[in-house]
Amino acid sequence: MLNKLIGFLIDIWRERKTILDLAKNDFRAKYTNSILGIVWAFVVPFSTILIMWFVFEFGFRSVPVDDVPFILFYIPAFLAWNYFSDVFSSASGCLWEYSYMIKKMCFRVSVLPIVKLISAGFVHMFFIFVIFVMFGLYGYKVSIYNFQVLYYFLSMDILLMGLTWLCSALAVFSKDISNVISVILQVGFWATPIVWVPNNLPEKVNIILKCNPMYYICNGYRESFIYHKWFWENKAECFYFWGITVVVFVIGANMFRRLRPQFADVM
Amino acid sequence: MNDIMIDVKEVTKIYKIYNRTRDRILDAAFPFLHIKHTDFYALSHVSFQVHKGEIVGIIGKNGSGKSTILKIITGVLIPSGGSVIVNGRISSILELGTGFNMDYTGIENIYLNGIILGISREEMKKRIPQILEFADIGDFVYQPVKNYSSGMFVRLAFAVAINVDPDILIVDEALAVGDTAFQAKCMAKMEQLMKSGTTILFVTHDMNTVRTLCKRCVYLENGRILSEGPAAELADLYLHKTRVSMNQEHLEIMERQKEIQKERKGKNIDYNNEFARKVDIFREGTGEVRFIACKVFNENGKEEYYIKYNEKVTIEMQIEFFEDIEVGLGYHIRDNKNMELLGSTLALEKIGKGVIKGKRGERFRIKFRTLLPILEGVYNIMLVMSVPVIANKTVLFVDLVNNAAIFEVGENIETKLWNKVHLDNEVTVERIN
């Protein structure tokens, strides 16, 4: 089984050029049919940021957390989550989206979730830049810790790869999957420390919430920019995240590999 | 041999049919659970090879597995058993169109196809003029393909498929939706590709195309290979089977099936007759009337195998009635690829009402006198007697005999004939300036 898994991954690596071309194409296609085009990729998350900021800053009169303005506290985690939810939902349905290709052409279908990942990644890279700009505007200097965000970004990608292989393969057989995913994303948004502060919670609750691997990622984005902590400092959380991620990755890759022969039959 | 481009070995495709949707996921993910299902064999133990530069036709009725085997060779479907080895880049048009995204414009789809086939955007850009020239759909390429007519769709699909340097081109019935001009263009292009070494696999229901384009055929029936061999022979076999099933259907409609089916094969055939023995394997029909002889006479009235170019020959046939019935009658002259070139019928020549009315036991001799202004070569005569079921559309074959007589036409000594048939022309030459 291990051999097959490695073969599966090597095959994907060989397709890296195709993946990149498809991702560019996907990115271009997503926005060419609307009048404002690429602007939409940024308008939607920006509007969410503004609403949240307005609600928490003026509505709830949140006080600065750990001497950091709420908006700065909120943005890194929110953008990380936004990327996660974007990829998780779009990549899980991507086999249906590309069914016209799966039914008519021969190519490595397993690249499709990765294509979605990269296509959404272009926008996320821009948003990471936005985070830097926002902190700059508030007078924070760029520090070496900030660049750990790339580590968290890549870690999240590995987690997403496993998840989306699993879900996209299952979604071919059952339309229920997309509904399940939207429920998970709804719950996940509030179960992850995005708009609330983990330190305020009782220890027991916090431990339960830490089971969510996105806890590690969102917290990591925040630590890179605000708390200036190295990612190896939270050893337990780091091991837990990678444990979960490896398990999800192996299950996802294997399920995809097993279900793959039937895709064209079912579609 | 290393010029084998496609090697299909013992390929089987089973569609598993489950009672519940979730059973399919469970079975695929955990095969050791042995989830209950029924198997549907779309293909069983299909093997054949295709060599470099060949055009091979795949023929068969609907549902015989033609499209399935093409999809397996293309790699879209994965066989349940057996193996397919393909050497080289495949470009395919499966069913209607290739992998086109309905929301993309023609141009975007061209690039997308290029990516999948591993051709970079820059490289593809160079090919776009050629593709557009062949597709010839004007400014529609800048429109989303969902706005295309099916003809435009297949034009673009075919244009892309042939312009990506495929080693193997796979074409499903798709071309049938193109207009005649485009089909002719595609045929010419495929011949040209074949000459430059491209291997072509071709599915169609049009036997004339099969005869002209393919050398070899694979005939599928119910997911198995019924026969594999020269295209002309298999095309005839296919048409024969089609006529048999057409007759069958008509018989059912006419509720005459029972009495006739009992002694269908060989009914009213006198095996003492040399002609009947000779054509036995080439004949079919319900048999109320039978051909009992067919001869070709030269202009001197002598029965002859060698005919001169443009000689006036007499094609004579004799028929015998076994029931009181009216039948239409005609013949076709076919070339070595069994293309029907010339021919006539009583109706066409306005002989009486176009039918012969006979009583049981009566025999008739019918003579057609005609010129044969045709290219040198071997020709055969196909005789047909039929009863119209729907006027000018479909008929019930009473007796149909392939290869009833064979003759050879000599070369036109005066000038070389460059086309198959020549008819007299009135020619004027005048100076206009």
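About the thresholds
Residues numbered from 1 in each chain as written. Chains lettered and ligands numbered in written order. Predicted model: local features only at pLDDT ≥ 70, side-chain atom pairs only at ≥ 80, totals over all residues. Heavy atoms only, no water. UniProt positions renumbered as here; feature names shortened; annotations may be inferred. Helix = DSSP H or I, 4+ residues; strand = E, 2+ residues; numbered from the N terminus. Buried < 20%, exposed > 50% of the residue type's maximum accessible area, 1.4 Å probe, protein only. Areas by Shrake-Rupley, 256 points an atom, 1.4 Å probe, with all protein chains shown as cover. Contact = heavy atoms within 4.5 Å. Buried area = accessible area lost by both parts, 1.4 Å probe. Salt bridge = Lys/Arg side-chain N within 4 Å of Asp/Glu carboxyl O. Polar contact = N/O pair within 3.5 Å; in protein donor to acceptor, adjacent residues only side chain to side chain. Nonpolar A, V, L, I, M, F, W, Y, C, P; charged D, E, K, R; others polar. Expected span 1.5 Å × (residues − 1). Patch = residues over 30% accessible without salt bridge, like charges linked within 9 Å, V, L, I, M, F, W, Y side chains within 5 Å. Pairing = 2+ DSSP bridges. Axes fitted to C-alpha atoms, helices over the stretch in contact; angles between N-to-C directions. Phe/Tyr/Trp six-rings, centres within 6.5 Å; stacked < 30°, edge-to-face > 60°. Lys NZ or Arg CZ within 6 Å of the ring centre and 35° of its normal.

The name that an unreviewed UniProt entry assigns to chain B is ABC transporter ATP-binding protein, with the source organism given as Parablautia muri. UniProt's Sequence similarities (unreviewed entry) comment on chain B is quoted here verbatim: "Belongs to the ABC transporter superfamily."

You'll find chain A entered in an unreviewed UniProt entry as Transport permease protein, with Parablautia muri given as the organism. The UniProt entry for chain A carries the following comment under Subcellular location (unreviewed entry): "Cell membrane". Heading Sequence similarities (unreviewed entry) of the UniProt record for chain A holds this comment: "Belongs to the ABC-2 integral membrane protein family."

A. A look at the overall build of chain B. What chain B contains, in helices and strands, is ten helices and 19 strands. Put simply, chain B has 433 residues, and 51% of those count as buried. Counting only carbon and sulfur atoms, one obtains 51% of the accessible surface of chain B, whose full area is about 22200 Å².

B. Inspection of the interface of chain A and chain B at higher detail. Opposite the 30 residues of chain A that make contact, chain B presents 34 residues. Carbon and sulfur atoms supply 62% of the area that chain A and chain B bury against each other, a total of about 2700 Å² over both sides. Together, Y100(A), K104(A) and M105(A) form the three largest contributors to the area buried by chain A at its contact with chain B, with a combined 25%. Counting every contact that joins chain A to chain B gives zero salt bridges. Joining chain A to chain B, the criterion identifies zero residue pairs in polar contact (both at pLDDT 80 or more). Elements with a contribution of two residues or more to the side of chain A that touches chain B: α2 (16-32), α6 (99-104), α8 (148-173), α12 (235-259) and α13 (263-266) of chain A. No other element matches α2(A), which puts eight residues into the side of chain A that touches chain B. Residues belonging to the side of chain A that touches chain B are distributed by class as follows: 16 nonpolar, six polar and eight charged.

C. Inspection of α8(A) at higher detail. Taking 1.5 Å per residue, 26 residues should reach 38 Å; α8(A) reaches 38 Å between its end C-alpha atoms and fits that length. Within α8(A), 22 of the 26 residues are buried, which leaves the element mostly enclosed by the surrounding structure.

D. Expanded view of a nonpolar patch on the surface. All names here are of chain A. Judged by side-chain polarity, F46, F126, F129, V133, L137, Y138 and Y140 come together as a nonpolar surface patch covering roughly 680 Å² of accessible area. The element that contributes the greatest number of residues to the nonpolar patch is helix α7 (residues 111-137), accounting for four residues. Judged by relative accessible area, F126 falls into the partly exposed class, the value being 34%.

E. Representation of the sheet that holds strand β2 (residues 38-51) of chain B. Residue and element names in this part refer to chain B. Taken in spatial order, the three strands of this open sheet run β2-β1-β4, and their pairing is antiparallel. Of all strands in the sheet, those with a lone pairing partner are β2 and β4 (81-86), marking the two edges. Ignoring which end each strand starts from, the neighbouring axes of this sheet average 20° apart. When strand β1 (residues 4-17) meets β2, the two strands line up antiparallel, connected through ten bridges. From the neighbouring strand, I4 faces β2, where its bridge partner is H51. Where helix α2 (residues 66-74) meets the sheet, it contacts β1, β2 and β4, and its direction lies at approximately 115° from that of β1.

F. Molecular detail of the packing of aromatic side chains. Per the stated rule, a full pass over the model turns up 33 aromatic pairs over all chains. Ring centres 5.3 Å apart and planes at 65° place the aromatic pair F100(B) and F153(B) in the edge-to-face group. Of this pair, F100(B) sits in the loop between β5 (90-93) and α3 (106-116) while F153(B) sits in helix α5 (residues 150-162), and the two are 53 residues apart along the sequence. The class of F100(B) is buried, set by a relative accessible area of 2%. Assessed through its relative accessible area of 10%, F153(B) is described here as buried. When the ring of F134(B) is compared with that of F158(B), the centres are 5.8 Å apart and the planes differ by 35°; the resulting orientation is tilted. Here the residue F134(B) occupies a position in helix α4 (residues 121-135), and F158(B) occupies one in helix α5, the gap between them amounting to 24 residues. The burial state of F134(B) is the same as that of F158(B); both residues are buried. Taken together through their ring pairs, the aromatic side chains of F8(A), W165(A), F173(A), F249(A), F256(A) and F263(A) make up a single cluster. Directly above the ring of W13(A) sits R16(A), whose terminal nitrogen or CZ lies 4.5 Å from the centroid.

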